[in-house]
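Here is how the chains run, residue by residue.
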Amino acid sequence: MRILSNWSREILLFLVALIFLSPIYIILVNSFKTRQELYEGALALPKQFDFRYYTEAMEQMDFLSAFTNSLFVTIVSVVFIVVLSSMTAWMLARSGSRISTIIFMCLIATMLIPFQTLMMPLMQLVIGITNTTGIPLYNTLSGLIFMNIGFHAALSVFLYHGFIKSIPISLEEAATIDGASKFGVFWRIIFPILTPITATVMILNVILIWNDFLLPSLTLVDKELRTIPLSVFYFFGEFTIEWNLAMAGLTLTIIPVVIFYMLAQKYIIKGIGEGAVK
């Protein structure tokens, strides 16, 4: 009975895995098909694996420019998120005052607000600030980075806060007695200990920011500023959809994230468990 039970669990997990992987299969096989083959059968294998659609998709997307923009926005946003969120979480966790608790709860509450409810007033505010003060928040990569920091800070502070509470405060007291400043205590004692949760924060934010379409679509107008998700979107025209090129573009979008995830996946469960549960 135990052997049958194990087999049934494995079969069930295999079927669930097939269901979750089926969209990837559909995207991959259709990226090699002609439009005629695609309409004849979306699930069938292509007659030949021709990479010409990838070449054409890269040309139409201006892939190098879009990849550079996505990489720049992602790296700079994640660096600022890690630095600012870790310092914020440390101060909120160690101050112990009622004001700190209120600030922390307000940050957590922002995670419950759907972005769709904020996007119209946000764009009005951003455009107003840009036109009034000249601060380049609208239609600039720096403005997109600024908004990414704000929207992704709450989750990062939450993860860091839980992890920091598990660190004995005696380590900080000993460093202070030895003459370390607040700055030195954090960067020399606390931040190195935060390495597991920092890896998790980086991984989660890289995936979220790299794949984000909605915020860049509202913020960026010029073609040369488009990120990869924005570039792929323009294969879906108002009257025609170039499905094979769109599938090739989506595959090109997914590959960097998959590689990054495979290299860093061991930190995700470990970091979340240590940061959110403790």
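Here's what I pulled together on the structure shown here.

What follows deals with the overall build of the chain. Regarding its fold elements, the chain presents 14 helices and zero strands. The helix and strand sequence of the chain, counted from the amino end, reads α-α-α-α-α-α-α-α-α-α-α-α-α-α. Classification of the 278 residues of the chain by burial places 37% in the buried group. The distance from the centre of the 16 positive side-chain charges to the centre of the 16 negative ones in the chain is 13 Å.

Quick look at the pattern of salt bridges now. Summed over the entire model, instances satisfying the criterion amount to one salt bridge. Note that E172 is salt-bridged to R94, the shortest N-O span being 2.6 Å. Here E172, found in helix α8 (residues 169-177), pairs with R94, found in helix α4 (residues 63-95); they are 78 residues apart in sequence, far enough to count as distant. Accessibility expressed as a relative area gives 8% for E172, which makes it buried. Judged by its relative accessible area of 22%, R94 is partly exposed.

Along its twelve residues, helix α9 (residues 182-193) runs 16 Å from first to last C-alpha, staying within 8% of the 16 Å computed at 1.5 Å per residue. For α9, every residue scored as buried is listed here: G184, V185, F186 and I190. Where α9 is buried, its residues touch α4 and α8.

This part is about the environment of G150. Tracing the chain through its elements places G150 in helix α7 (residues 141-164). Separated by 101 residues in sequence, G150 and F49 place their C-alpha atoms 43 Å apart.

Before going further, it helps to spend a moment on the layout of surface pockets. In this structure, the largest pocket occupies an estimated 460 Å³ of space. If you trace the largest pocket, you find 16 residues lining it, with T110, I113, F115, F151 and H152 closest to the centre. Going through the elements one at a time, α5 (98-110), α7 and α11 (214-219) are the ones with two or more residues in the lining of the largest pocket. If you tally residues by element for the lining of the largest pocket, the top one is α7, at six residues. Here the lining of the largest pocket is built from residues that sort into eleven nonpolar, four polar and one charged.

Before going further, it helps to spend a moment on a nonpolar patch on the surface. On the surface, W7, I11, F14, L15 and L18 cluster together into a nonpolar patch covering about 540 Å² of accessible area. Looking at the element boundaries, W7 is found in helix α1 (residues 2-30). Among the residues examined, W7 registers a relative accessible area of 53% and is labelled exposed.

Turning our attention to empty space enclosed by the protein. On inspection of all chains with the given rule, the structure shows one cavity of 30 Å³ or more. Approximately 70 Å³ is the volume attributed to the largest cavity. Lining of the largest cavity is provided by S70, V73, T74, L144, N148, I209, W210, D212, P216 and T227. Elements that contribute at least two residues to the lining of the largest cavity include exactly α4, α7 and α10 (195-211). In terms of residue count, the dominant contributor to the lining of the largest cavity is α4 (three residues). For the lining of the largest cavity, the per-class residue count stands at five nonpolar, four polar and one charged.

Let us now look at the environment of M58. Tracing the chain through its elements places M58 in helix α3 (residues 52-61). Accessibility expressed as a relative area gives 35% for M58, which makes it partly exposed. Each C-alpha atom of the pair M58 and L252 lies 8.5 Å from the other, and the pair is 194 residues apart in sequence. When residues no more than four places from it in sequence are discounted, the contact partners of M58 are F63 and L252.

Inspection of every chain in the model, using the stated rule, returns twelve aromatic pairs. Aromatic pair F51 and Y54: ring centres 5.8 Å apart, planes at 45 degrees, arrangement tilted. A connected cluster of aromatic rings, assembled from ring pairs, spans W90, F183, F186, W187 and F191.

Direction vectors running N to C along α7 and α10 enclose 155 degrees, while the axes themselves pass 10 Å from each other. The orientation of α7 relative to α10 falls into the category roughly antiparallel. Crossing of α7 against α10: the hand is right-handed. Contact with α7, carried on its side by N148, H152, S156, L159, Y160 and F163, involves P196, I197, T198, V201, L204, N205, L208 and I209 of α10 and no other residues of that element. Taken together, the residues of the contact of α7 with α10 sort by class into nine nonpolar, five polar and no charged.

Conventions and cut-offs
- Residues numbered from 1 in each chain as written.
- Predicted model: local features only at pLDDT ≥ 70, side-chain atom pairs only at ≥ 80, totals over all residues.
- Heavy atoms only, no water.
- Helix = DSSP H or I, 4+ residues; strand = E, 2+ residues; numbered from the N terminus.
- Buried < 20%, exposed > 50% of the residue type's maximum accessible area, 1.4 Å probe, protein only.
- Lys, Arg positive; Asp, Glu negative; His and termini not counted.
- Charge placed at Lys NZ, Arg CZ, Asp CG, Glu CD.
- Salt bridge = Lys/Arg side-chain N within 4 Å of Asp/Glu carboxyl O.
- Expected span 1.5 Å × (residues − 1).
- Contact = heavy atoms within 4.5 Å.
- 1 Å grid on protein atoms, 1.4 Å probe; cavity = no way out; pocket = protein on both sides within 12 Å on 5 of 7 lines; lining within 4 Å.
- Points joined across faces, edges and corners; volume = space filled by probe spheres on them.
- Nonpolar A, V, L, I, M, F, W, Y, C, P; charged D, E, K, R; others polar.
- Patch = residues over 30% accessible without salt bridge, like charges linked within 9 Å, V, L, I, M, F, W, Y side chains within 5 Å.
- Areas by Shrake-Rupley, 256 points an atom, 1.4 Å probe, with all protein chains shown as cover.
- Phe/Tyr/Trp six-rings, centres within 6.5 Å; stacked < 30°, edge-to-face > 60°.
- Axes fitted to C-alpha atoms, helices over the stretch in contact; angles between N-to-C directions.
- Parallel < 35°, antiparallel > 145°, perpendicular 65-115°, else oblique.
- Left-handed = near helix turned anticlockwise from the far one by under 90°.

So, to be careful, I would describe these as geometric facts and stop short of saying anything about function.
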